[in-house]
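A structural walkthrough
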Amino acid sequence: MLIPHQLLLTLHLTSPCCSLQDLYYQSYSQVGVMFASIPNFNDFYIELDGNNMGVECLRLLNEIIADFDELMDKDCYKDIEKIKTIGSTYMGAVGLVPTTGTKAKRSIYSHLSTLAEFAIEMFDVLDEINYQSYNDFVLRVGINVGPVVAGVIGARRPQYDIWGNTVNVASRMDSTGVQGKIQVTEDVHRILNKCNYEFICRGKVSVKGKGEMLTYFLGGKANTNPQASSTNIGRKAFSCGRAKLGTSCPSVSSVASFTVKAGLGALQAAAMQTTQPVHCAPPIPVVEQA
């Protein structure tokens, strides 16, 4: 991403005479990092005369990314920073609050809850695009939390980015994840488990450079309705809400799938929604809430 406006103000106030040749960096002890990818976009992209040699495919990807950006512009997600997009992967972070100034730091519990809600709502955004474009894009998300170093690199078109083991593991949570789910580390589970979120323990996953890591699938806020099934960890809309597009998309309650099947039509898609059972992987135990 380009340099955030808040960071530019900080640099101007603290070092008004600094040049682009000077290295800016800052360490943070607790930052939530998210990678959200569309793994089947590469199968969709094709260069043909009929789609202007791939331009129409990129136009749709731009619409998806722009809708994610619009979602992040909501006031309830103002603490999340978009870092960059890498192909069809969207990278964001929360907790990058400058140490200077009078703004108090929010707790990591609040920050991670905000990032979790944003990730869950990204599925709704993609579902609506699928419904309107008759596609079946799927989202796969990975989240980690820990220390990072943030900085600005380059004198020509300088870029703001974050680095560290926390970022690498968050990327691995995405790449080793499952389509339609949010995979998180033990550290994320430990924090959000205290914030009334529900999880499914996936078990140990082989992560490059880290060996075996115990990971979890994030569901949503625990259902406080005593008559609702305790095993239902479907994605939920949160109180801050989101403005709906012109055509509403049928809600998807299955934890295993968030796709709207292409070419079925609105009525057939709705019919499938009412009959499709909820699938939970049998070997994955449900983690008891503390």
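Structure: see above.
Every value quoted in this text rests on a predicted model; they were computed, and no experiment measured them.

About the thresholds
Residues numbered from 1 in each chain as written. Predicted model: local features only at pLDDT ≥ 70, side-chain atom pairs only at ≥ 80, totals over all residues. Heavy atoms only, no water. Core = buried A, V, L, I, M, F, W, Y, C linked by side-chain atoms within 4.5 Å. Buried < 20%, exposed > 50% of the residue type's maximum accessible area, 1.4 Å probe, protein only. Helix = DSSP H or I, 4+ residues; strand = E, 2+ residues; numbered from the N terminus. Salt bridge = Lys/Arg side-chain N within 4 Å of Asp/Glu carboxyl O. Pairing = 2+ DSSP bridges. Axes fitted to C-alpha atoms, helices over the stretch in contact; angles between N-to-C directions. Left-handed = near helix turned anticlockwise from the far one by under 90°. Contact = heavy atoms within 4.5 Å. Arc of directions from axis to C-beta. Expected span 1.5 Å × (residues − 1).

1. Some points on the nonpolar core
Formed by 43 residues in total, the largest nonpolar core has its most connected members in Met34 and Ile143. If one sorts the elements of this core by residue count, helix 4 (residues 108–133) sits on top with 12 residues. Formed by 16 residues, the second largest nonpolar core is a distinct cluster that contains Tyr24, Tyr28, Val31 and Phe35.

2. Let's talk about the pattern of salt bridges
Enumeration over the complete set of coordinates arrives at 5 salt bridges. The partner of Lys84 in a salt bridge is Asp161, with the nearest N and O atoms 2.9 Å apart. Of this pair, Lys84 sits in strand 2 (residues 80–86) while Asp161 sits in strand 5 (residues 159–163), and the two are 77 residues apart along the sequence. A relative accessible area of 27% means that Lys84 is categorised as partly exposed. Residues Arg140 and Asp174 are paired through a salt bridge, measuring 2.9 Å at the closest nitrogen-oxygen approach.

3. Topic: the pairing of strand 5
Judged from the 5 bridges that link them, strand 4 (residues 140–153) and strand 5 form a sheet pairing that is antiparallel. By the bridge assignment, Gly151 is partnered in strand 5 with Asp161. Where strand 4 hands over to strand 5, the hairpin turn is made up of 5 residues, of which Gly154 adopts a positive phi near 100 degrees.

4. Considering the pairing of strand 4
Across the 14 residues of strand 4, 11 count as buried, placing the element largely inside the fold. Examined bridge by bridge, strand 1 (residues 24–37) and strand 4 share 12 bridges and lie antiparallel to one another. Within strand 4, the residue paired with Ser27 across the bridge is Val149. Across 3 bridges, strand 4 lies against strand 6 (residues 182–185) in parallel orientation. Looking at strand 6, one finds that Val141 is bridged to Ile182.

5. Remarks on the packing of helix 3 (residues 55–72) against helix 4
The interhelical angle for the contact between helix 3 and helix 4, taken along N-to-C directions, is 140 degrees, at an axis separation of 10 Å. Classified by chirality, the crossing of helix 4 by helix 3 is right-handed. Across the interface between the two elements, Leu60, Glu63, Ile64, Asp67, Phe68, Leu71 and Met72 from helix 3 touch Phe118, Glu121, Met122, Val125, Leu126, Ile129 and Ser133 from helix 4.

6. Focus: helix 5 (residues 165–175)
Within helix 5, the full set of buried residues consists of Thr166, Val167, Val169, Ala170, Met173 and Asp174. The arc that holds the buried residues of helix 5, viewed along the axis, is 165 degrees, so those residues lie on one side.

7. As for helix 3
With 18 residues, helix 3 extends 26 Å from end C-alpha to end C-alpha; this agrees with the ideal 26 Å at 1.5 Å per step. Looking only at helix 3, the buried set comprises Cys57, Leu60, Leu61, Ile64, Ile65, Asp67, Phe68, Leu71 and Met72. The arc that holds the buried residues of helix 3, viewed along the axis, is 155 degrees, so those residues lie on one side. Exposed side of helix 3, more than 90 degrees from the buried face: Asn62 and Glu70 are the residues found there. Lining the buried residues of helix 3 we find helix 2 (41–44), strand 2, strand 3 (89–94) and helix 4.

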